[in-house]
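Single-letter residue listing:
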Amino acid sequence: MDDFSYINGSLHCESVNVQTIARKFGTPLFVYSRQTIIDHYRKIAEAFGPLDPRICYSVKSCSNLNILAVLKEMGASFDVVSGGELARVLEVGVDPKRIVYAGVSKTDREINAALDAGIGWFNVESEQELETLANLAAKHNTVAQVALRVNPDVDPQTHRHTTTGKRETKFGVDLQRAANVFEEFAKNPAIKLAGLHVHIGSPVNRIEPFVESIKKTLGLIVQLSKSGHAITSINIGGGYGAHYSGEEAPTAADYATHIVPLLQDKNLTVMLEPGRSIMANAGVLIAETIFKKSSGDKKFVIVDAAMTDLIRPALYDAFHFAWPVAPAGGMIPPRRSQELKLEGTELVDIVGPVCETGDFLAKDRWLPPMSRGDLLCIFSAGAYGFSMSSQYNSRPRAAEVLVHGHEAKLIRKRETYEDLVALERQK
Ligand SMILES: Cc1ncc(COP(=O)(O)O)c(C=O)c1O
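Since we're looking at a predicted model, the values are computed, not measured. (Residues numbered from 1 in each chain as written. Predicted model: local features only at pLDDT ≥ 70, side-chain atom pairs only at ≥ 80, totals over all residues.)

## Concerning the site of the ligand
Then, in step 1: Not every one of the 17 residues close to the ligand is listed here, only the nearest: Ser58, Ser202, Gly238, Gly275 and Arg276.
Then, in step 2: Across the shell around the ligand, the residue classes tally to five nonpolar, nine polar and three charged. (Near = placed C-beta within 6 Å. Nonpolar A, V, L, I, M, F, W, Y, C, P; charged D, E, K, R; others polar.)

## Remarks on helix H9 (residues 252-263)
Then, in step 1: Along its 12 residues, H9 runs 16 Å from first to last C-alpha, staying within 8% of the 16 Å computed at 1.5 Å per residue.
Then, in step 2: Of the residues making up H9, those classed as buried are Ala252, Tyr255, Ala256 and Ile259. Each buried residue of H9 sits inside an arc of 95° when the element is viewed along its axis, so together they form one side.
Then, in step 3: Following H9 by one or two positions, Asp265 adopts a phi angle in the positive range, close to 60°. (Helix = DSSP H or I, 4+ residues; strand = E, 2+ residues; numbered from the N terminus. Expected span 1.5 Å × (residues − 1). Buried ≥ 20, exposed ≤ 12 C-beta atoms within 10 Å, placed from the backbone. Arc of directions from axis to C-beta.)

## Some words on the environment of Ser33
Then, in step 1: You can see Ser33 is positioned in strand E4 (residues 29-33).
Then, in step 2: Sequence separation between Ser33 and Ala399 is 366 residues, and the spatial gap between their C-alpha atoms is 15 Å.
Then, in step 3: Ser33 has contacts with Asp2, Asp3, Phe4, Cys13, Glu14, Ala282 and Val403, leaving out every residue within four places of it along the chain. (Contact = placed C-beta atoms within 7 Å.)

## Description of the environment of Leu130
Then, in step 1: As for its position among the elements, Leu130 is in helix H6 (residues 127-139).
Then, in step 2: Separated by 61 residues in the primary sequence, Leu130 and Ile191 place their C-alpha atoms 8.5 Å from one another.
Then, in step 3: Setting aside anything within four residues of it in sequence, one finds Leu130 in contact with Val124, Val146, Val181, Phe185 and Ile191.

## Brief notes about the packing of helix H7 (residues 175-185) against helix H8 (residues 208-226)
Then, in step 1: Between H7 and H8, the least distance of the axes is 11 Å, while the angle of their chain directions is 30°. The crossing of H7 and H8 is right-handed. Two secondary-structure elements touch here, H7 through Leu175, Ala178, Ala179 and Phe182 and H8 through Lys216, Leu220, Gln223 and Leu224.
Then, in step 2: Across the contact of H7 with H8, the residue classes tally to six nonpolar, one polar and one charged. (Axes fitted to C-alpha atoms, helices over the stretch in contact; angles between N-to-C directions. Left-handed = near helix turned anticlockwise from the far one by under 90°.)

## Considering the pairing of strand E17 (residues 346-351)
Then, in step 1: As paired strands, strand E15 (residues 298-303) and E17 are joined by three bridges and run parallel to one another. Each bridged residue has a counterpart across the sheet, and for Val301 the counterpart in E17 is Ile350. (Pairing = 2+ DSSP bridges.)

## Brief notes about the nonpolar core
Soluble globular proteins tend to bury their nonpolar side chains together.
Then, in step 1: Ranked by size, the top nonpolar core spans 121 residues in total, and within it Val31, Ile286, Cys377 and Ile378 carry the most contacts.
Then, in step 2: Looking at which element gives the most residues to this core, the answer is strand E9 (residues 144-151), with five residues.
Then, in step 3: Of the residues that make up this core, three or more belong to each of domain 1 (4-32 + 280-421) and domain 2 (34-278).
Then, in step 4: For Ile286, the residues in contact, after removing those within four places along its chain, are Val18, Ala22, Thr27, Pro28, Leu29, Val31, Val325, Leu375 and Cys377. (Core = buried A, V, L, I, M, F, W, Y, C linked by C-beta atoms within 7 Å. Domains from an automatic or database assignment.)

## Concerning helix H4 (residues 83-91)
Then, in step 1: Taken together, the buried positions of H4 are Glu85, Leu86 and Val89. Taken end-on, H4 shows its buried residues confined to a sector of 105°, consistent with a single buried face. Set apart from the buried face of H4 by more than 90 degrees, the exposed residues are Gly84 and Glu91.
Then, in step 2: Looking at the buried positions of H4, the neighbouring elements they touch are helix H3 (65-73), strand E6 (77-80), strand E7 (99-101) and helix H5 (108-117).
Then, in step 3: Backbone geometry just downstream of H4 places Gly93 in the positive-phi region, at approximately 80°.

## Some points on the sheet that holds strand E3 (residues 16-17)
Then, in step 1: Pairing in this open sheet of three strands is antiparallel, and the strands run E1-E2-E3 from one edge to the other. In this open sheet, the two strands that pair with only one neighbour each are strand E1 (4-7) and E3.
Then, in step 2: As judged from the four bridges shared by E1 and strand E2 (residues 10-13), these two strands associate in the antiparallel manner. Along E2, the bridge assignment pairs Tyr6 with Leu11.

## Things to note about the environment of His140
Then, in step 1: Checked against the element boundaries, His140 lands in the loop between H6 and E9.
Then, in step 2: Along the primary structure His140 and Leu115 are separated by 25 residues, whereas in three dimensions their C-alpha atoms are 7.4 Å apart.

## Describing the pairing of strand E20 (residues 399-404)
Then, in step 1: Within E20, five of the six residues are buried, which leaves it mostly tucked inside the rest of the structure.
Then, in step 2: Sheet topology note: the E20/strand E21 (residues 407-412) ladder contains five bridges and is antiparallel. Among the inter-strand pairings, Val403 is bridged to a residue of E21, identified as Ala408.
Then, in step 3: Where E20 hands over to E21, the hairpin turn is made up of two residues, of which Gly405 adopts a positive phi near 65°.

## Side note on unusual backbone geometry
Then, in step 1: The amide bond that connects Thr27 to the next residue, Pro28, takes the cis arrangement and shows omega of -5°.
Then, in step 2: Tracing the chain through its elements places Pro28 in the loop between helix H1 (18-25) and E4.
Then, in step 3: Ser202 connects to Pro203 through a cis peptide bond whose omega is -10°.
Then, in step 4: Residue Asn8 is not a glycine yet carries a positive backbone phi of 50°.

## A look at the domain arrangement of the protein chain
Then, in step 1: Partitioning the protein chain into domains gives domain 1 (4-32 + 280-421) and domain 2 (34-278).
Then, in step 2: The distance between the C-alpha centroids of domain 1 and domain 2 comes to 32 Å.
Then, in step 3: Breaking the side of domain 1 that touches domain 2 down by element, the ones donating at least two residues are helix H11 (312-316), E20 and E21.
Then, in step 4: A total of four residues in the side of domain 1 that touches domain 2 trace back to one element, the largest contributor, which is E20.
Then, in step 5: Class assignment of the residues belonging to the side of domain 1 that touches domain 2 gives a composition of 14 nonpolar, nine polar and five charged.

Below you can see the structure in the form of structure tokens.
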């Protein structure tokens, strides 16, 4: 599943001892495995191979330039959702034609930047956006290639904050209105309205919602073609699950078994936008134990990482498996599961230093005894970890390290107190 494993009682990333990395670069620290990124990308490429898809890595999941460079090397295309993400992808020298740009609120400045760059596809989410894009493209004397993002009103059965394909969410244009949008804009000379885009949420650990949303979108394609609108491309979005606790997510092959037959021989360019399924288990967050304390029956392990580094537990009640980097008594976890309760462990909450009760990384976990200075690993933190981090409580953001075989390379320096204030100084 990934390249993080215990060797001689200590966690390793590929061939490097995580203790050594943490002592060298400090904590909190994100550690990524290059090999895992490559394996996960390859599995998707192989599983969906019969469709010859464009795999547009979802930059929001982990946007470090060095991670983008690994994926570029693998032949990935890129899904961006802001001018900032666009700038990152251009910075690593990606062919702009390999960029697709989604998001409900693209500013004129962002649209102009994307038109200047000459990106491949705008995934447009409303009539007003389409009108604005057409006007700006006309001023650029160019034709913008557009996929209309549709909202299929399908329940992905995931957290309500990451549900994006239900009618009441802000995303896309509902299927009923989509045909009208084509009628209104298809003849506009500044846009080529040639694709449909659909993304229903994340993580989607059931395959049926994907099947349902793709079937609905294909139905629209048939309807549109009868009205003379030729659709050349379907972008089925991201949202493929990852293993946070055991084996809860379908594999790339499982998803593909059901999705590929729907799209094969349809004469459509197929695009996917995976983020989490590539990055979640390709990265971990390493923290140091600062203190332990009790309150009544409750025991706390207080570490130097916080909701500012990994907000998923606070924001989504998400589960992340946590275990010491070098557990006392060589207590190696047989699996990373929510139910794990080994003899000699104690029930604790793992919390951070931020002044919020919501600042926790794990609740009610059976952990081997931890002492001050012990390192703790929070697994599956590669996606929506660093990229959602903040400086709240004036905490400098963590450093990031990428491991390749025997080598651990710093790919983002730890922020300093100087970084916290540099943009605010008046002179
Ligand atoms: C439009 C779009 N595509 C792709 C993704 C990536 O999702 P995931 O990281 O779950 O694959 C997202 C994230 O929610 C998204 O909004």
